[in-house]
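# Residue-level structural notes
As a plain string of letters, each chain reads:
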Number of protein chains: 2
Amino acid sequence: MNNLQSKLNYTFKDQNLLKTALTHSSFSNEFGGESYERLEFLGDAVLELVVSDYIYKFGQLDSGLLSKLRAGLVSTAYLKQISQDLGLDRLVFKSKSLQTLSDKTKADLFESLIGAVYLDSGLECAKKIIENLVIVDDQNIRSVIKNCVDYKTKLQETLQKLGKTFEYKLVSDSGLDHDKTFEVELIVDSQVVSKASGKSIHIAQENCAENYLHTLC
Amino acid sequence: MNNLQSKLNYTFKDQNLLKTALTHSSFSNEFGGESYERLEFLGDAVLELVVSDYIYKFGQLDSGLLSKLRAGLVSTAYLKQISQDLGLDRLVFKSKSLQTLSDKTKADLFESLIGAVYLDSGLECAKKIIENLVIVDDQNIRSVIKNCVDYKTKLQETLQKLGKTFEYKLVSDSGLDHDKTFEVELIVDSQVVSKASGKSIHIAQENCAENYLHTLC
């Protein structure tokens, strides 16, 4: 527990809050006490606000991209890694019969820890921890954008920064009604730069954007 | 605008933020400037945290009920009413071709207003407005619980408070495999208090819980 608090750079005034944050329902069902679910409910909202505030002020990302980026930064896959790095899966109070924790449970434990810090000391302390561990730095945010955002959105972002206009054009559709293939072109500054096909117009456009992005970065 | 600010009991330091909060994309597309979507993204997270914090401290509601209650308090149906009461649909800057606003847009306008207050003056000011208009008082929270929670959860809550044990018992199922009807009983303190049927066990249990709740409140 001391090791965890030193990793967080935060010492709980109320150590019971920390204990609750790490108590799985399999343990509280057996031995009494509260489990982490209520703290996780609260921590989830604290995390969303701190992340939203940060990325809102990160350049002028449009609202669609903001939503995707936030979803990436609070996703189970992303938070379970932080939880593991903190060793929460080894500190958790759980029933012996529960052998391994799911990714979702690991992510939830991190959220409940945030909820506990928020209750213990308020938003600013929770914010520091979130900025340290979730946001990390601007470079990390940029790499999350790369991983979590679809190709069409990324392309739009990139081309807007370059001041270029673009459009997708449907070139052809073929096949029977229930099994069509669509072919689209991506046109940047009046030039066809990429061509791709797919089972829906959207998929064809995604493929088209992906092809072109690979030529750019 | 002055009327709105007096209803909010809040005057914007930066009146441009208020203007952006009320600018629909149909207007900004035509005349330039930013629309409310980014502020709405931020306001949504502010609203979630303030509501979560309040209902977390409202008794000892379990995490399932907390999630449903929060969803009810930030739902489109709930927020669009607040938005209408504030007259946001009459104040919005929109293109003339956009005749009426959808419920979703009305709710979004309220969220963007919250985002704007948060940026203008911080969390405490946004919190006051949310507590005034969204949370209102404990009686309102109790009535939202009544409206947004399913009967089984409500029944569980009620019986736990009364210190009573209960169970649902499947009495029979009849009909063909793809069109079965299930009949269940609700047993409270070893007594059958309600009986109902439905096309799934869950629906039958819901009906059973509803019947019994009507005899209680």
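The coordinates are above.
Attention here is on the structure that accompanies the text. (Residues numbered from 1 in each chain as written. Chains lettered and ligands numbered in written order. Predicted model: local features only at pLDDT ≥ 70, side-chain atom pairs only at ≥ 80, totals over all residues. Heavy atoms only, no water.)

### Side note on unusual backbone geometry
All names here are of chain A. This is how the line gets drawn: Starting at the N terminus, helices and strands are each numbered in turn, a helix being any DSSP run of H or I of at least four residues and a strand any DSSP run of E of at least two. Relative accessibility decides the category of a residue: with a 1.4 Å probe and only protein chains considered, values under 20% of the type maximum give buried, values over 50% give exposed, and everything between is partly exposed.
A positive phi angle, near 65°, is found at Val-136, a position not held by glycine. With respect to the helices, strands and loops of the structure, Val-136 is situated in the loop between helix 9 (123–135) and helix 10 (138–148). Residue class for Val-136 comes out partly exposed when judged on its relative accessible area of 47%. Even without being glycine, Asp-189 reaches a positive phi, approximately 45°. With respect to the element layout, Asp-189 can be found in the loop between strand 2 (181–188) and strand 3 (191–198). The exposure class assigned to Asp-189 is partly exposed, which follows from its relative accessible area of 36%.

### Things to note about the side chain of Asp-120 of chain B
Residues and elements named next belong to chain B. We apply this condition: Asp and Glu count as negative and Lys and Arg as positive, but His and the ends of the chain are not part of the count. Salt bridge, as used here, is a side-chain nitrogen of Lys or Arg placed within 4 Å of a carboxyl oxygen of Asp or Glu. Contacts are residue-level and defined by heavy atoms, with any inter-residue pair within 4.5 Å sufficient.
Within the secondary structure layout, Asp-120 lies in helix 8 (residues 103–121). Despite its burial, Asp-120 pairs with no opposite charge; the closest candidate is Lys-13, at 5.5 Å N-O. In this view, Asp-120 contacts Tyr-10, Thr-11, Phe-12, Lys-13, Asp-14 and Leu-17; residues no more than four positions away in its chain are not counted.

### Side note on the relation of the copies chain B and chain A
The second copy of the chain is related to the first by a rotation about an axis and a shift along the axis. Filter applied, for reference: Least squares is the method for superposing the copies, and the C-alpha atoms it fits come from residues with pLDDT of at least 70 in both.
When chain B is brought onto chain A, the operation consists of a screw motion whose angular component is 180° and whose axial shift is 0.3 Å, with 0.2 Å RMSD remaining. Given the turn and translation reported, the copies of this chain are related as if by a two-fold rotation axis. A high fraction, 100%, of the interface residues of chain B reappear at the interface in chain A, so the copies pair face to face through one surface.

### So, the sheet that holds strand 3 (residues 191–198) of chain B
Residues and elements named next belong to chain B. Note the cut-off: Any two strands with at least two DSSP bridges between them are considered paired. Here an angle of 0 to 180 degrees is reported between the N-to-C directions of two axes, which are lines fitted to C-alpha atoms, with helices fitted over the stretch in contact.
The strand order 1-2-3 describes an open sheet built from three strands, whose pairing is antiparallel. The open sheet is flanked by strand 1 (166–174) and strand 3, the only strands paired with a single partner. Neighbour to neighbour, the strand axes of the sheet diverge by 20° on average, direction disregarded. Pairing between strand 2 (residues 181–188) and strand 3: seven bridges, direction antiparallel.

### Some details on the pattern of salt bridges
Taken as a whole, this structure holds 18 salt bridges over all chains when the rule is applied. Residue Lys-195 of chain A pairs with Glu-185 of chain A through a salt bridge whose shortest N-O separation is 3.7 Å. In this pair, Lys-195 of chain A is assigned in strand 3 and Glu-185 of chain A in strand 2, connecting sequence segments ten residues apart. Here the residues in one salt-bridge network are Asp-44 of chain A together with Glu-48 and Arg-70 of chain B, joined through shared partners.

### Re the interface of chain B and chain A
To keep things clear, this is the line we draw: Here the quantity called buried area is the total loss of accessible area, with a 1.4 Å probe, experienced by two parts when brought into contact, counted for both.
With 27 residues of chain B at the interface, the matching set in chain A holds 27 residues. Taking both partners together, chain B and chain A bury about 2400 Å²; carbon and sulfur atoms supply 63% of that area. Interface area lost by chain B to chain A is led by Arg-38, Phe-41 and Tyr-56 of chain B, which between them contribute 37%. Counting across the chain B and chain A interface gives two salt bridges.

### Notes on the sheet that holds strand 1 (residues 166–174) of chain A
Hydrogen bonds between backbone groups are what pair the strands of a sheet, and the pairing can be parallel or antiparallel. Residue and element names in this part refer to chain A. The strand order across the open sheet formed by three strands is 1-2-3, and the pairing between neighbours is antiparallel. Edge positions in the sheet fall to strand 1 and strand 3, since each of these pairs with one other strand and no more. Here the strands of the sheet are splayed against their neighbours by 20° on average, with no regard to which way each runs. Set on the sheet, helix 11 (residues 151–161) makes contact with strand 1 and strand 2; between it and strand 1 the angle comes to about 145°. Its contacts with the sheet place helix 12 (residues 201–216) against strand 1, strand 2 and strand 3, and it is angled at close to 130° to strand 3.

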